[in-house]
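Architecture and fold: a report
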Amino acid sequence: MQILGIESSCDETAAAVVEDGVRVRSSVVASQLDTHGRYGGVVPELASREHLRAIVPVVREALERADTTLGALSAIAVTEGPGLVGSLLVGITYAKALAFAGRRPLIGVNHIEGHIHAVVLEAKQSGEPVEFPALALVVSGGHTHLFAVPADYRYRLLGRTRDDAAGEAYDKVAKLLGYGYPGGPIVDRLAPLGNPRAIRFTLAKMKGNPTDFSFSGLKTAVLRWTEERDIAAEVAARRDLLRITPSPSLEQWLAVTPQTTLDLLASFQQTVIDELMRRIERCAEEIDARNVIVSGGVACNAGLRAAARRSAVGAPILFPTPGLSTDNAAMIAAAAYRKFEAGDFADHQLAARANLSLA
Ligand code: KG4
Ligand code: ZN
């Protein structure tokens, strides 16, 4: 039983074939980093254009690498939202065309559910499936959501960001400091070289739901910190470095990053990790979680993974391997497996839903 998954919600065009909801036969991801990097963030119009360019070869490669054909597929799954509407449309339109031409059933998948299924998939592969109820934290450039996940996958939203997503905070801080886009990976590499206790960022108390998140105050606090110091020269040096070397080495970055800035990055990252871990600890206890799932681009963060290993949460905390943490289509095909079994199919009216929610 093979499902082809297609993902195009943001700036990655991806296709994958997953067998029986557990074996990844192929997973192809075409990143648009080269296109958006110079603008310091994703440009929606450019993203749609790049998806149009990539979708046909990416799907073809996924089928080839899986050594399969359209006719051998049991279904075609595609991300229906949330995401950029023009980007989603490219994947959805192509998935519909394939489903129609190959007379295969079509399945619409929520991108956030996909991130959760990246972990469900790998847990199944390891022979130790996820245990329920689980707590899921989806933490990426677009989302910071906490869900209770019971065995029937009727998700319950426990908390979400009221402003910026955690990954967005990484990206904005990195852009402000001249590190380019995306910010997460480079901040993650530099943060261990700074003192995480050098600057104490105090975050606003959450009125209402205490398990909601807010990251825009932290971003503003970093901005204030930079405004109180003269860092224009070092920021310019980093922007110059990026112009000559699109992906600088750690040594090259260190040559244009003084210790005070390393301390700033370490303190920023520590604050984000503390915020995430505090909510995880609280909610895991509240719902008596037997497993905790952390997924999405920020789940790649080495500091967060280390904090999870040290944490006092009673339940095991599961992260996907880095390739399945960021956007990919294997997670979409994996999430579609349950829908296939339940006969939950879409038709030709499947539409792009930019703000689709999971619970
Ligand atoms: O899941 P993803 O690929 O796309 C979205 O659905 O948003 O996540 C991308 C986000 C970006 O904001 C990026 O800066 C962040 O994940 N990210 C990281 C790391 N790697 C990627 N954030 C922190 N540490 C990392 N190692
Ligand atoms: Zn994502």
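Preceding this section is the structure that the text describes.
These remarks concern the structure in this document. If you're wondering where the values come from, they're calculated on a predicted model, not measured in any experiment.

Some thoughts on the overall build of the protein chain
Looking only at helices and strands, the protein chain has 13 helices and 10 strands in total. Relative to the globule expectation of 21 Å for 359 residues, the C-alpha radius of gyration of the protein chain, 20 Å, shows essentially globular dimensions. Within the span of the protein chain, comprising 359 residues, buried residues form 55% of the whole. Computed over 38 positive and 40 negative side-chain charges, the separation of the two mean positions in the protein chain equals 2 Å.

Notes on the sheet that holds strand S2 (residues 12-19)
Strand order in the open sheet formed by 5 strands is S3-S2-S1-S4-S5, with mixed pairing between adjacent strands. Two strands lie at the open edges of the sheet, namely strand S3 (23-31) and strand S5 (106-110), each paired on one side alone. Between one strand axis and the next, the sheet turns through 20 degrees on average, direction left out of account. With 4 bridges connecting them, strand S1 (residues 2-7) and strand S4 (residues 75-81) associate as parallel partners. Opposite Leu4, over in S4, you have Ile76 as the bridge partner. Sheet strands in contact with helix H2 (residues 44-65) are S1, S2 and S3, and its direction is about 20 degrees off that of S2. The strands touched by helix H13 (residues 330-341) are S1, S2, S3, S4 and S5; relative to S1, the strand with the most contacts, the crossing angle is about 130 degrees.

A word on helix H10 (residues 259-287)
A rise of 1.5 Å per residue sets the reference length of H10, with its 29 residues, at 42 Å; its end C-alpha atoms lie 42 Å apart and thus fit the reference within 8%. Across the 29 residues of H10, 21 count as buried, placing the element largely inside the fold. Asp288 sits one or two positions beyond H10 and adopts a positive phi of about 55 degrees.

Side note on the coordination of the zinc ion (ligand 2)
In an ideal tetrahedron of four donors about a metal, each angle is 109.5 degrees. In an ideal octahedron of six donors, the angles are 90 or 180 degrees. Taken together, the protein donors to the zinc ion (ligand 2) comprise His111 (NE2), His115 (NE2) and Asp327 (OD), at separations of 2.1 Å. Here the zinc ion (ligand 2) binds 4 donor atoms, and the angle range of 93 to 143 degrees at the metal identifies the geometry as irregular.

Topic: the site of ligand 1
Around ligand 1, 20 residues are found, and the nearest of them are Gly141, Asp171, Gly184, Asp188 and Asn301. In the model, an oxygen atom of ligand 1 is placed 3.2 Å from a nitrogen or oxygen of the Gly167 main chain. The contact in question runs from an oxygen atom of ligand 1 to an N or O atom on the backbone of Gly297, over 3.0 Å. Against a free-state accessible area of 560 Å², the protein chains account for coverage of 90% of ligand 1. At the level of secondary structure, the elements contributing two or more residues to the shell around ligand 1 comprise helix H4 (111-126), helix H5 (166-176) and helix H6 (184-190). Among the residues making up the shell around ligand 1, the classes are represented as 5 nonpolar, 12 polar and 3 charged.

Definitions and limits used
- Residues numbered from 1 in each chain as written.
- Chains lettered and ligands numbered in written order.
- Predicted model: local features only at pLDDT ≥ 70, side-chain atom pairs only at ≥ 80, totals over all residues.
- Heavy atoms only, no water.
- Helix = DSSP H or I, 4+ residues; strand = E, 2+ residues; numbered from the N terminus.
- Rg over C-alpha atoms; globule rule 2.2 N^0.38 Å.
- Buried < 20%, exposed > 50% of the residue type's maximum accessible area, 1.4 Å probe, protein only.
- Lys, Arg positive; Asp, Glu negative; His and termini not counted.
- Charge placed at Lys NZ, Arg CZ, Asp CG, Glu CD.
- Pairing = 2+ DSSP bridges.
- Axes fitted to C-alpha atoms, helices over the stretch in contact; angles between N-to-C directions.
- Contact = heavy atoms within 4.5 Å.
- Expected span 1.5 Å × (residues − 1).
- Donors = N, O, S within 2.8 Å, 3.2 Å for Na, K, Ca; no water.
- Tetrahedral: all angles 85-135°; square planar, octahedral: opposite > 155°, others 65-115°.
- Near = heavy atom within 4 Å.
- Polar contact = N/O pair within 3.5 Å; in protein donor to acceptor, adjacent residues only side chain to side chain.
- Areas by Shrake-Rupley, 256 points an atom, 1.4 Å probe, with all protein chains shown as cover.
- Nonpolar A, V, L, I, M, F, W, Y, C, P; charged D, E, K, R; others polar.

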